[in-house]
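Spelled out, the chains give:
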Amino acid sequence: MKTALTLSAVVTTAAITCGASDSANFIADLTQKSREHIQRAETFGNQSQQLRQELCATAEECAVANWDGYGALPIEIEAYRNAYRLIEALPATTPTPTVGAEPDGAVTFEWYVTPHRTISVSIDANALLNYAALFGVSSVFGTEPFLGELPSQISGLIARLHMK
Amino acid sequence: MAFSPITINLSERFDHLSKAPIVEAIVEFRARAEGEWQRETVGRELRERLPDYPQFQEETKVEQQFALTGEGVPQQLAHDRLWIGLAFRTGDRLQVSKFHRDLFSFSRLAPYTDWTQFITEALRLWRIHLEVARPSEIQRIGVRFINRIPFSGEIRLEDYLIAAPKEPVDLNLPFAGFLHHDTLIVPGHPYGINLVRTIQPAVGAQSPAFIIVDIDVFRSGALAADESRLDILSEMRWLKNKAFFGSLLPSVIDSFR
């Protein structure tokens, strides 16, 4: 059996083509239970669990207007839900980001290596991902919709950030 | 380790199986609607364009929030049903099409007809979705075929599946169930394949159990949303066929002719 586990651009464990039949529902239920079973183990589920807790804590801290003292908007509930789904969609091999909030009510995830090598991805109430990446003198930024899986543009940047 | 690109040979012929064990064939496009996506407007436009899909239902996302107060029963704080689109069915309920803000899908349930009929209808409905939702980019395409093979009593999985699960060496125990979910990449092409093999248990004493071979070929990455994409779908179909014929023993394939 050949493996290509470092080629993360195409592969995601999150997105499956949706179905309408009883068999599709049976398979979806089974694979979800299997995923939950794996994530219950400390070894495999720790990252997701940690991120969800951080998201909850951030949502609580930023639940009121002016949470930053400069007129920031509270985190929008739909932004929170989209952030939760984004956590669920992160491939297991993704390095763990830190969770924060934007003054406009979006939730942000940051991967930080050095002050000159960092990526920030925010998700808003419309499930739009706004990202900005810094690689020394190079910078990349853009917007992609979140449709159930991490866009390859962003997963590619994360992989580039952590390339050794 | 480098992987050589594989050659997708669209001129390769696959046997037509008159009794193919397909319970659902699906085409899905994930794309963000850029036109107005409001319940009344979208509902009206789609109903006008889909007279042959007379059954429809609202599709919603159900969100619930609970507070654990430490006093016994969790307190429900909110119960939102967020409207995301519509699902339409033909009168015989064998064809289902979903029109969501972020997704279009077309499903043909058993009995499956053939690829040409299936994809022609899928693309016709996709064009309707393009007119109503007006996405400019597709983010993901999926072609998924769910196959279900009935069996009764005790069987040997290696009599059905080419890559059947094996019990640990020196521990000769029967299987009560299994779930294999493989994700394969296609070197040289922007495709992946989710291959799920499992057993669906019998519901009652008189019902069969089923071996499920679920093949989901997908393409992730942005594409312009204004073309039929028949070339891509044909390639995905080839991959699906290779996965199907490569998953089951020839004797099992023969039983579908």
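The structure displayed is predicted, hence computed values, not measured ones.

Re the overall build of chain B
Item 1. The secondary structure content of chain B amounts to four helices and nine strands.
Item 2. Referenced to the eigenvectors of the C-alpha coordinate spread, the extents of chain B come out at roughly 65 × 60 × 45 Å.
Item 3. The 257 residues of chain B split such that 47% are buried.
Item 4. Taking the contacts inside chain B whose residues are at least 6 apart along the sequence as the reference set, 68% of them involve residues at least 24 apart.
Item 5. As presented, chain B carries roughly 13,000 Å² of accessible surface, and 50% of it is formed by carbon and sulfur atoms.
Item 6. Taking the average place of the 30 positive charges on the side chains of chain B and the average place of its 34 negative ones, the gap between the two points comes to 3 Å.

Remarks on the side chain of Asp216 of chain B
Item 1. Mapped onto the fold, Asp216 of chain B is located in strand S9 (residues 209-224).
Item 2. Residue class for Asp216 of chain B comes out buried when judged on its relative accessible area of 1%.
Item 3. Once you skip the residues sitting within four places of it in the chain, Asp216 of chain B turns out to touch Ile16 and Thr17 of chain A together with Arg140, Gly142, Val143, Arg144, Gly192, Ile193 and Asn194 of chain B.

Quick notes on the sheet that holds strand S1 (residues 98-101) of chain A
Hydrogen bonds along the backbone pair up the strands of a sheet, which may run parallel or antiparallel.
Residue and element names in this part refer to chain A.
Item 1. Read across the sheet, five strands follow the order S1-S2-S3-S4-S5 without closing on themselves; strand pairing throughout is antiparallel. Edge positions in the open sheet fall to S1 and strand S5 (138-145), since each of these has one partner strand only. Between one strand axis and the next, the sheet turns by 20° as a mean value, whatever way the strands run.
Item 2. Taken together, the seven bridges between strand S3 (residues 117-123) and strand S4 (residues 128-135) define a ladder with antiparallel strand orientation. Within S4, the position partnered with Ile119 by the bridge is Ala133.
Item 3. Packed onto the sheet, helix H3 (residues 77-89) meets strand S2 (107-114), S3 and S4 and runs at close to 45° relative to S2.
Item 4. The strands touched by helix H4 (residues 152-161) within the sheet are S2, S3, S4 and S5, with S4 carrying the most contacts at an inclination of about 25°.

Let's talk about the pairing of S5 of chain A
All names here are of chain A.
Item 1. Two strands pair when backbone bridges link them, and S4 and S5 are joined in this way by eight bridges, in the antiparallel orientation. Considered in S5, the bridge of Asn130 is made with Thr143.
Item 2. The antiparallel hairpin formed by S4 and S5 contains two residues in its connecting segment, where Gly136 sits at a positive phi of about 65°.

Here we look at the confidence of the model for chain B
Item 1. When pLDDT is averaged across chain B, the result is 89; 92% of the residues are at 70 or more.
Item 2. Between the elements of chain B, mean pLDDT differs from a low of 74, seen in strand S2 (residues 55-67) of chain B, to a high of 97, seen in strand S5 (residues 103-109) of chain B.

Notes on the environment of Leu123 of chain B
Residue and element names in this part refer to chain B.
Item 1. Mapped onto the elements of the fold, Leu123 is located in helix H2 (residues 115-133).
Item 2. Of the residues examined, Leu123 reaches a relative accessible area of 6% and is grouped as buried.
Item 3. For the pair Leu123 and Phe106, spaced 17 residues apart in the sequence, the C-alpha separation amounts to 8.9 Å.
Item 4. In this structure, Leu123 is in contact with Phe29, Ser228, Leu230 and Leu233, ignoring residues within four places of it in sequence.

Concerning the interface of chain A and chain B
Item 1. Taken together, the 35 residues of chain A in the interface contact 48 residues of chain B.
Item 2. Taken together, the two surfaces of chain A and chain B that pack against each other cover about 3,300 Å², and 58% of this comes from carbon and sulfur.
Item 3. For the interface between chain A and chain B, the tally reads one salt bridge.
Item 4. Across the contact surface, chain A and chain B share twelve residue pairs in polar contact (both at pLDDT 80 or more).
Item 5. Sorting the residues of the side of chain A that touches chain B by element identifies helix H1 (22-40), H3, S5 and H4 of chain A as the ones contributing at least two each.
Item 6. The biggest single contributor to the side of chain A that touches chain B is H1 of chain A, with seven residues.
Item 7. When its residues are assigned to classes, the side of chain A that touches chain B shows 18 nonpolar, eleven polar and six charged.

Concerning H1 of chain A
All names here are of chain A.
Item 1. In this model, H1 (19 residues) spans 27 Å end to end at C-alpha, consistent with the 27 Å of a helix rising 1.5 Å per residue.
Item 2. Along H1, the positions that sit buried rather than exposed are Ser23, Ala24, Phe26, Ile27 and Thr31. The arc that holds every buried residue of H1, seen down its axis, measures 160°, which confines them to one face. Exposed side chains of H1 directed beyond 90 degrees from the buried face belong to Asp22 and Arg40.

Thoughts on unusual backbone geometry
Item 1. Of note, the amide linkage connecting Ala110 of chain B to Pro111 of chain B takes the cis form, showing an omega dihedral of 5°.
Item 2. The backbone of Ala127 of chain A sits at a positive phi, close to 60°, despite the residue not being glycine.
Item 3. Relative to the assigned elements, Ala127 of chain A resides in the loop between S3 and S4.
Item 4. Overall, Ala127 of chain A belongs to the buried group, its relative accessible area being 3%.
Item 5. Of note in this structure, Arg134 of chain B is not a glycine but carries a positive phi near 50°.
Item 6. Checked against the element boundaries, Arg134 of chain B lands in the loop between H2 and strand S6 (137-151).

Conventions and cut-offs
Residues numbered from 1 in each chain as written. Chains lettered and ligands numbered in written order. Predicted model: local features only at pLDDT ≥ 70, side-chain atom pairs only at ≥ 80, totals over all residues. Heavy atoms only, no water. Helix = DSSP H or I, 4+ residues; strand = E, 2+ residues; numbered from the N terminus. Buried < 20%, exposed > 50% of the residue type's maximum accessible area, 1.4 Å probe, protein only. Contact = heavy atoms within 4.5 Å. Areas by Shrake-Rupley, 256 points an atom, 1.4 Å probe, with all protein chains shown as cover. Lys, Arg positive; Asp, Glu negative; His and termini not counted. Charge placed at Lys NZ, Arg CZ, Asp CG, Glu CD. Pairing = 2+ DSSP bridges. Axes fitted to C-alpha atoms, helices over the stretch in contact; angles between N-to-C directions. pLDDT = per-residue confidence, 0-100. Buried area = accessible area lost by both parts, 1.4 Å probe. Salt bridge = Lys/Arg side-chain N within 4 Å of Asp/Glu carboxyl O. Polar contact = N/O pair within 3.5 Å; in protein donor to acceptor, adjacent residues only side chain to side chain. Nonpolar A, V, L, I, M, F, W, Y, C, P; charged D, E, K, R; others polar. Expected span 1.5 Å × (residues − 1). Arc of directions from axis to C-beta.

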